[in-house]
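Summary of the model geometry
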Amino acid sequence: MENSEMKKIPQIEQIMNDERVGSWFEKISRPLTAASVRRAVSHYREKVISGRAFSEHELYPIIDQVCKGLYDRRIRPVINATGVILHTNMGRSPILPEVWDDCREVNTGYSNLELSLKTGKRGKRNGLVPLLINTLTGAESSTVVNNNAAAVYLLLSTFAAGKEVIVSRGEQVQIGGGFRIPEILAASGAKLVEVGTTNITTLADYLDAVTDDTAMILKVHRANFALRGFTSEPALKKITEALPDGILTVVDQGSGVLNENLPGEKKAQSLIDDGADIISFSCDKILGGPQGGIIAGKKELIDRLDRHPLMRTMRPGKTIYSLLEATLLHRMENPGARSRHAEAADSFEEASEKCRKIKRGLSADIFKMTDDTLCIGGGSTPDEFFASRAIEIISDKMKPERILKILRDSDPPVIGTIKHERAFLNPSALNDDEMKYLKSVLKDIEENL
Ligand SMILES: *Cc1c(COP(=O)(O)O)cnc(C)c1O
């Protein structure tokens, strides 16, 4: 009996020819579908071995489930209702749709990425990007690498390998997954010289640590935490004025604040004005561009970075360069226009209005507008929580974790948060289409709550 049931399980090839399975080819490719079928069949075989009668109606849903598991893992749009506007897990800053559209042809065809149209020979790989960055930051020169972690590594490797780098103990940070200042320093071959204490570092601490082997002082934006209480550190200007010649001041500025007024955030230009030799920051945080790391500063130093062999391993391709150029152009032409993520921060009223719009027509017992806080994320304003509003989902039947899982299972997935053991959806980062969609999802789940 067992054996005859086993024989009824179709061959993999036969299953692959079934139209119920064929619909997955476009979504996850034929090889991944085949792998899923094999997995599903092997799982199902176990059941049949343990006495279950073979049924097509059982097998095909299992195959679908395995295929869908893969399909759901694709990189795809999600609705960010977390109240963290630049969320590293969700691709940080959205790229402006008009910027994206502008870059289509350069990316789907050939471009002059590294070709001088004047001479017909190889040119520089950067278009207007450095000129735009120089204008926005006040730096003499600039260059771009794949991300800000790479920027810091390149800076240390080029200027400090085998030498000493002075860093305050209050700035020995870890940023996101695995970017730790002491480790990146060690990896670059530079020697870390720690000065000051966690909460207080003085100008004398820096100056007393200078030796003949000192290459630079590295200042690091704390990005994801804040020091409060009894703390102090010297102003950047005081450090750069007091440092002996030949020792560089490098600032890992992190978030890329250019002309926004964000509490506690220094603008790139002010760091250059205060005498930083070089600054670096991410392109996909406040700047609102693609992933990249910008290095800006003295021309002679940037030239040395550009000539470093490591530069070749970190250079961005046409996609990044074109998107970055278009993002920077857009910013220069629309200095007042702020991207939706930057805007969200100061719009308590707007968040309330958005909550009202989403709630309209839905059960007021289940969906309640409530006070919330919002943060910009992306390593900016770590200690600033802006007053905001969210929709709280109140259910007798379901725990908040379950509610959030159901929302994540919608397509596109909706990502909310749990605060004080309550399920929250903060609409601040959402545009009109996303709001409409969210409303429809809530309407669909309403009766189960
Ligand atoms: C975000 C951040 C980094 C890392 O930047 P990536 O672009 O993610 O590599 C490094 N330093 C600071 C201060 C940051 O805020």
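Residues numbered from 1 in each chain as written. Predicted model: local features only at pLDDT ≥ 70, side-chain atom pairs only at ≥ 80, totals over all residues. Heavy atoms only, no water.

1. A word on the overall build of the chain
Applicable threshold: A run of H or I in DSSP becomes a helix once it reaches four residues, and a run of E becomes a strand once it reaches two; helices and strands are each numbered from the N terminus. Whether a residue is buried, partly exposed or exposed follows from its accessible area with a 1.4 Å probe, protein chains only, as a fraction of its type maximum: under 20%, in between, or over 50%, in that order. Note on contacts: a residue pair is in contact if any heavy atoms of the two residues lie within 4.5 Å. In this tally, Asp and Glu contribute negative charge and Lys and Arg positive charge; neither His nor the terminal groups of the chain are included. Where a charge lies is defined by one atom per residue type, namely NZ (Lys), CZ (Arg), CG (Asp) and CD (Glu).
Across its full length, the chain holds 21 helices and 16 strands. Burial statistics for the chain: of 449 residues in total, 49% are counted as buried. Restricting the contact set of the chain to residue pairs at least 6 apart, pairs at least 24 apart contribute 74%. For the chain, the separation between the mean place of its 60 positive charges and that of its 62 negative charges on side chains is 3 Å.

2. Some remarks on the packing of aromatic side chains
Heads up, the rule is: Working definition: a ring pair exists when centres of Phe, Tyr or Trp rings (six-membered ring for Trp) sit within 6.5 Å. Plane angles under 30 degrees give stacked, over 60 give edge-to-face, the rest tilted. Counted as over-ring charges are cases with an Arg CZ or a Lys NZ within 6 Å of the ring centre that also lie within 35 degrees of the ring normal.
Enumeration according to the criterion identifies two aromatic pairs in this entry. Pairing tryptophan 24 with tyrosine 71 gives two aromatic rings, centres 5.8 Å apart and planes at 70 degrees, and the pair type is edge-to-face. Highlighted residues: tryptophan 24 in the loop between α3 (19–22) and α4 (25–28) and tyrosine 71 in helix α6 (residues 56–71), separated in sequence by 47 residues. Overall, the relative accessible area of 8% leaves tryptophan 24 in the buried class. The interplanar angle of 70 degrees and the centroid separation of 5.9 Å between the aromatic rings of tyrosine 44 and phenylalanine 54 together place this pair among those described as edge-to-face. In this pair, tyrosine 44 is assigned in helix α5 (residues 30–49) and phenylalanine 54 in the loop between α5 and α6, connecting sequence segments 10 residues apart. Considered together, tyrosine 44 and phenylalanine 54 belong to a single accessibility category, that of buried residues. The aromatic ring of tyrosine 60 is capped on one face by arginine 20, whose charged end is 3.8 Å from the ring centroid.

3. Topic: helix α19 (residues 348–359)
The test is simple: Given a helix with a known number of residues, its expected span is that number minus one, times 1.5 Å.
In this model, α19 (12 residues) spans 17 Å end to end at C-alpha, consistent with the 16 Å of a helix rising 1.5 Å per residue. Immediately downstream of α19, the backbone of glycine 361 shows phi near 85 degrees, a positive value.

4. Section: the sheet that holds strand β9 (residues 248–254)
Strand pairing within a sheet occurs via backbone hydrogen bonds; the two strands may be parallel or antiparallel. The condition is simple: Two strands pair under a simple rule: DSSP has to find at least two bridges between them. All axes here are fitted lines through C-alpha atoms, helices being fitted over the stretch that makes contact, and every angle between N-to-C directions spans 0 to 180 degrees.
Taken together, the seven strands give an open sheet; going across it, the order is β3-β11-β10-β9-β8-β4-β7, and neighbouring strands pair in mixed fashion. Here the strands that pair on one side only, and so sit at the sheet edges, are β3 (141–145) and β7 (191–195). Averaged over neighbouring strand pairs, the angle between their axes works out to 25 degrees when direction is ignored. Sitting on the sheet, helix α10 (residues 148–160) touches β3, β4 (164–168), β8 (214–220), β9, β10 (278–282) and β11 (293–297), and the angle it makes with β10 is about 155 degrees.

5. Details of the pattern of salt bridges
The condition is simple: For salt bridges, the criterion is a side-chain nitrogen of Lys or Arg within 4 Å of an Asp or Glu carboxyl oxygen.
Following the criterion strictly, the structure yields 28 salt bridges and no others. Between aspartate 18 and arginine 20 there is a salt bridge, with the nearest N and O atoms lying 3.0 Å from each other. For aspartate 18, a relative accessible area of 17% corresponds to the buried category. Taking relative accessible area as the criterion, arginine 20 reaches 35% and is therefore assigned partly exposed. Three or more residues are tied together by salt bridges with common partners; here these are Lys68, Asp72, Arg76 and Asp411.

6. A few points about the pairing of strand β12 (residues 367–377)
As paired strands, strand β2 (residues 84–86) and β12 are joined by two bridges and run parallel to one another. Paired with valine 84 across the bridge in β12 is cysteine 375. Here β12 pairs with strand β13 (residues 386–393) via eight bridges, running antiparallel. When the bridges of β13 are listed, lysine 368 appears paired with glutamate 392.

7. Description of a nonpolar patch on the surface
What counts, and what does not: Patches here are clusters of residues that have more than 30% relative accessible area and form no salt bridge, with a 9 Å joining cutoff for like charges and a 5 Å cutoff for nonpolar side chains (Val, Leu, Ile, Met, Phe, Trp, Tyr). Using a 1.4 Å probe, the Shrake-Rupley method yields the accessible areas, and only the shown protein chains count as cover for residues.
There is a patch of nonpolar side chains on the surface, built from Leu128, Leu131 and Leu329 and spanning about 260 Å² of accessible area. For leucine 128, the position within the fold is in the loop between α8 (104–108) and α9 (129–137).

8. Here we look at the side chain of serine 141
Checked against the element boundaries, serine 141 lands in strand β3. Of the residues examined, serine 141 reaches a relative accessible area of 12% and is grouped as buried. When neighbours within four sequence positions are excluded, serine 141 is seen to be in contact with Asn134, Ile295, Ala296, Gly297, Lys299 and Ile302.

9. With respect to the domain arrangement of the chain
Here is the rule we go by: Residue ranges labeled as domains rest on an automatic or database domain assignment.
Looking at the chain, the domain boundaries give domain 1 (2–71), domain 2 (79–91 + 341–448) and domain 3 (126–316). Here the C-alpha centre of domain 3 lies 35 Å away from the C-alpha centre of domain 2.

10. So, the site of the ligand
To be explicit about the condition: Proximity criterion: a residue is near a molecule or strand once any of its heavy atoms comes within 4 Å of it. What qualifies as a polar contact is a pair of N or O atoms within 3.5 Å, subject to a donor-acceptor requirement within protein and to the restriction that residues adjacent in sequence count only when both atoms come from side chains.
The local shell around the ligand consists of Arg92, Asn147, Asn148, Ala149, Ile175, Phe179, His221, Ala223, Asp252, Gly254, Ser282 and Lys285. The separation between a nitrogen atom of the ligand and a polar side-chain atom of aspartate 252 is 2.6 Å. Here an oxygen atom of the ligand sits 2.6 Å away from a polar atom, N or O, in the side chain of lysine 285. Its free accessible area being 380 Å², the ligand has 92% of it covered by the protein chains.

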